[in-house]
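A structural walkthrough
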Amino acid sequence: MMDYGCYTDTFRGSLIPREDWDALGLRAQALFRWLADRYTLTPLEPQAETMAICALAEYLLRQEPLGLVQKTLGEVSLRYENRPGLIRGALLTIAPYFRVYRGVGA
């Protein structure tokens, strides 16, 4: 995982307090990996991944939690955050660092 120094020194971020970085950094990294699995991401600069993850961490900090949704069918239960537009906003957040291409399904 990226350390807080990377956020403050490379990205020049200041919105996220040090004590919140570990949780937000992990969530941002997971979101970035999720996007990379579903989209073709072409870096526009050498530090693109680092910059995008830091930007996503700030993006996640600014999101208002709309609460958790839990759905159950029999013994299977699914719990997730209900945030409409989260992915679209995440794609716009990484756009300065990556060319994003969705591609065509097989």
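Residues numbered from 1 in each chain as written. Predicted model: local features only at pLDDT ≥ 70, side-chain atom pairs only at ≥ 80, totals over all residues. Heavy atoms only, no water.

1. Description of the overall build of the chain
- Counting its regular elements, the chain contains four helices and four strands.
- Helices and strands appear in the chain in the N-to-C order α-α-β-α-β-β-α-β.
- Across the 106 residues that make up the chain, the buried fraction comes to 35%.
- Across the chain, contacts joining residues at least 24 apart in sequence account for 66% of those joining residues at least 6 apart.
- Working note: accessible area of the chain is about 7100 Å², and carbon and sulfur atoms make up 52% of it. (Helix = DSSP H or I, 4+ residues; strand = E, 2+ residues; numbered from the N terminus. Buried < 20%, exposed > 50% of the residue type's maximum accessible area, 1.4 Å probe, protein only. Contact = heavy atoms within 4.5 Å. Areas by Shrake-Rupley, 256 points an atom, 1.4 Å probe, with all protein chains shown as cover.)

2. Concerning the environment of Ile 53
- Here Ile 53 is to be found in helix 3 (residues 48-62).
- Between the C-alpha atoms of Ile 53 and Thr 93, which are 40 residues apart in sequence, the distance is 9.5 Å.
- Beyond its immediate chain neighbours, meaning those up to four positions away, Ile 53 contacts Met 2, Gly 25, Ala 28, Gln 29 and Phe 32.

3. Thoughts on helix 2 (residues 18-38)
- In this model helix 2 runs 30 Å from its N-terminal to its C-terminal C-alpha over 21 residues, within 8% of the 30 Å that 1.5 Å per residue would give.
- Of all the bends in helix 2, the greatest, near 30°, is centred on Leu 24.
- Taken together, the buried positions of helix 2 are Trp 21, Leu 24, Gly 25, Ala 28, Leu 31, Phe 32 and Leu 35.
- Of the surrounding secondary structure, the elements contacted by the buried residues of helix 2 are helix 1 (4-10), strand 1 (40-43), helix 3, helix 4 (86-94) and strand 4 (98-101). (Expected span 1.5 Å × (residues − 1). Bend = angle between axes of the 7 residues up to and from the residue.)

4. Comments concerning the pattern of salt bridges
- Applying the stated criterion across every chain, the model contains one salt bridge.
- The partner of Arg 33 in a salt bridge is Glu 49, with the nearest N and O atoms 2.5 Å apart. A residue pair is termed long-range when its members are at least 10 positions apart, and Arg 33 in helix 2 and Glu 49 in helix 3 qualify at 16 residues.
- The exposure class of Arg 33 is partly exposed, given its relative accessible area of 38%. (Salt bridge = Lys/Arg side-chain N within 4 Å of Asp/Glu carboxyl O.)

5. So, the side chain of Glu 58
- For Glu 58, the location among the structural elements is in helix 3.
- Buried within the structure, Glu 58 lacks any salt-bridge partner; its nearest side chain of opposite charge belongs to Arg 62, at an N-O separation of 4.1 Å.
- Of the polar contacts made by the side chain of Glu 58, one reaches the side chain of Tyr 7; its length is 2.5 Å.
- Those residues in contact with Glu 58 that lie beyond four places of it in its chain are Tyr 7, Phe 11, Gly 13, Ser 14, Leu 15 and Ile 16. (Lys, Arg positive; Asp, Glu negative; His and termini not counted. Polar contact = N/O pair within 3.5 Å; in protein donor to acceptor, adjacent residues only side chain to side chain.)

6. Looking at helix 4
- Buried residues of helix 4: Leu 86, Gly 89, Ala 90, Leu 91, Thr 93 and Ile 94, and no others.
- Looking at the buried positions of helix 4, the neighbouring elements they touch are helix 2, strand 1, helix 3 and strand 4.

7. Things to note about the packing of aromatic side chains
- For the structure on display, the rule yields five aromatic pairs.
- Taken together, a centroid distance of 5.9 Å and an interplanar angle of 20° make the contact between Tyr 7 and Phe 11 stacked. Per residue, the accessibility class of Tyr 7 equals that of Phe 11, and both read buried.
- By the ring-pair criterion, three or more aromatic residues cluster together here, those being Tyr 4, Tyr 7, Phe 11 and Trp 21.
- Note that Arg 102 overlies the ring of Tyr 39, its terminal NZ or CZ placed 5.0 Å from the centroid. (Phe/Tyr/Trp six-rings, centres within 6.5 Å; stacked < 30°, edge-to-face > 60°. Lys NZ or Arg CZ within 6 Å of the ring centre and 35° of its normal.)

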